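# Architecture and fold: a report
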Amino acid sequence: MIQRLLKTLVGVATIAAFAGSVLAQDSKVADELAKYREALADGNPADLLEVKGEGLWSEKRGPKQASLEQCDLGLGPGKLEGAYAQLPKYFKDTGKVMDVESRLVHCMVTLQGFKQEQVTRQWFSKPGQDSDIEALVTFIGAKSNGKPINVPASHPEEAKMAKMGEYIFYRRSGPQDFSCAICHGQEGKRIRLQDLGNLTTKDGAGTAMKTWPSYRVSQGAVWTMQRRLIDCMRQARWPEPNYLADSIIALETYLQKNATGTVMETPGIKR
Amino acid sequence: MGNPMKIRAANKDGVTEVKVLVSHEMETGQRKDAAGAIVPAWFITELVAKHGDKVVLSSEFGPSVSKNPYLAFKFKGGAKGEKITVSWKDNKGDSRSDEATIG
Amino acid sequence: MNNQRRTVLKSGSGAALLGMLAAAGIITPGMALADWNKAAFDAKSMADTLKALGAGSPADSKDVQVTGPDIAENGAVVPVGVASSLPNISMVAILIEKNPNALAATFVLPEGTEANVQTRVKMGQTSNIYALVKSDGKFFMATKEIKVTLGGCGG
């Protein structure tokens, strides 16, 4: 009996020591990763796209030879400062809750006379094929840098979208019976070396949402929130929603609502 | 011709620090596309920075410099308002020059 | 007078020939400035690269620093810097031992340019990174290991 107790004690001590060294290693890894991220922050290639987006915003384009300078992103025509931070929101003129990308496409169609298929064909870039939408969203996003995210979802239509987003967030489906919440609904989880944010809290959702659009060094491109979320669906082995689908806007509404109050730091840069 | 570079140049205590961000694919020639075909190499081979007419940095790149190359360096001299010119050319013969003013 | 000389040069047959070559895509503006060191960039091993750079077997030096993170979250973009307090540095090179071609970049530093250069490189896998500098005509080297990890979904 005493022997058994001793064995157990030794076992506990060994486990504790082991856990201690793993923790120490974890924090060292975290420090080094933080250093890596810091080294990338100055000289974010997204800045190149921001400049391009600024040019595209004021350039007269499309069948109507008009610029986007009269585009209303929710704060009035041409008002860009802080516009990204308060989207998605309900727009009376379309009767829909729209995110920055669906609203931008709406402006390109109504103001510039483009066909929707035309402007969304290249909604994300491929090597050697730039995307105007990526550039414009980077530019619009940067105009909210330093502004707090503000999506209270108080309009009934917005509240409905936030609710729908929450439902999708927790809904398990697909061949792996997966939901967003499995990876992003708890504290202290990680995949490989990367921390997984708990997107159900203000902190977690804020950390995630404030840096988008973001330059992904692994892709060599800026990703918009639509691309991020559509690719999350793919990674969860779900069927991928169409670009600008309501399900994605609903998820964005839910996440921005959770992140409300967090100050934007965009464009971000990540692995 | 490529997209414009982003060049920042700032003088502090007689030393000018230059930071350059270049828009370029920097394709290695070792990557395969979705169809399994090798994507041909396409990368900047030379990049030269000048302060006025004087070369302050002359570099040669291989394809292992990252996509959208970043470069930071310092030289003695330079004054606010003076020009920094950065030029690159790639292995396909494309080239580009951009200017910035020392701040 | 200087202006006049330029005008003459511009209209001279030399310039016309250059123009023709440029138009034909045979040469591009600025090409005459320097010749890309194909042998060095095509070399695979460290030893062959050093040979192609004319560096032989450089001595290790504490006065050369390679800076970079211990761990890179993605090998596609690894921030690397080279700095040195050695005198009269005319050239700096960055080599990545385990890349298919070791040489990443070379920098020629005219007088007045500090031996302090930062850039970003691709790494195929965890590897030693070498900084090579030429000081007073002699080559010196320093190294640092950078681990490349596989990340998750990308936050």
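Check the entry above for the structure.
Residues numbered from 1 in each chain as written. Chains lettered and ligands numbered in written order. Predicted model: local features only at pLDDT ≥ 70, side-chain atom pairs only at ≥ 80, totals over all residues.

### Describing the overall build of chain B
A tally of regular secondary structure across chain B gives 0 helices and 7 strands. Listed N to C, the secondary structure of chain B is β-β-β-β-β-β-β in terms of helices and strands. Principal-axis analysis of the C-alpha atoms places the extent of chain B at approximately 55 × 20 × 20 Å. Buried residues in chain B amount to 44% of all 103 residues. Partitioning the intrachain contacts of chain B with sequence separation of at least 6 by distance along the chain shows that 55% fall at a separation of at least 24. (Helix = DSSP H or I, 4+ residues; strand = E, 2+ residues; numbered from the N terminus. Buried ≥ 20, exposed ≤ 12 C-beta atoms within 10 Å, placed from the backbone. Contact = placed C-beta atoms within 7 Å.)

### Here we look at the interface of chain C and chain B
By a widely used convention, the size of an interface equals the accessible area lost when the partners come together. On the side of chain B, 28 residues touch chain C, which itself brings 34 residues to the contact. Looking at the side of chain C that touches chain B, the elements that each hand over two or more residues are strand S6 (103–108) and strand S7 (116–121) of chain C. A per-class count over the side of chain C that touches chain B returns 19 nonpolar, 12 polar and 3 charged. Relative to S7 of chain C, strand S5 (residues 70–76) of chain B runs antiparallel, the two being bridged by 2 bridges. Across the sheet, residue Ala72 of chain B finds its bridge partner in S7 of chain C, namely Gln118 of chain C. (Nonpolar A, V, L, I, M, F, W, Y, C, P; charged D, E, K, R; others polar. Pairing = 2+ DSSP bridges.)

### Things to note about the interface of chain C and chain A
Tallying the contact residues gives 16 residues for chain C and 20 residues for chain A. Split by residue class, the side of chain C that touches chain A holds 8 nonpolar, 6 polar and 2 charged.

### Quick look at helix H9 (residues 225–235) of chain A
All names here are of chain A. Those residues of H9 not exposed but buried are Met225, Gln226, Arg227, Arg228, Leu229, Ile230 and Met233. If you follow the buried residues of H9, they end up packed against helix H3 (100–110), strand S6 (221–223) and helix H10 (246–259). Residue Arg237 follows H9 closely and has a positive phi angle near 65 degrees.

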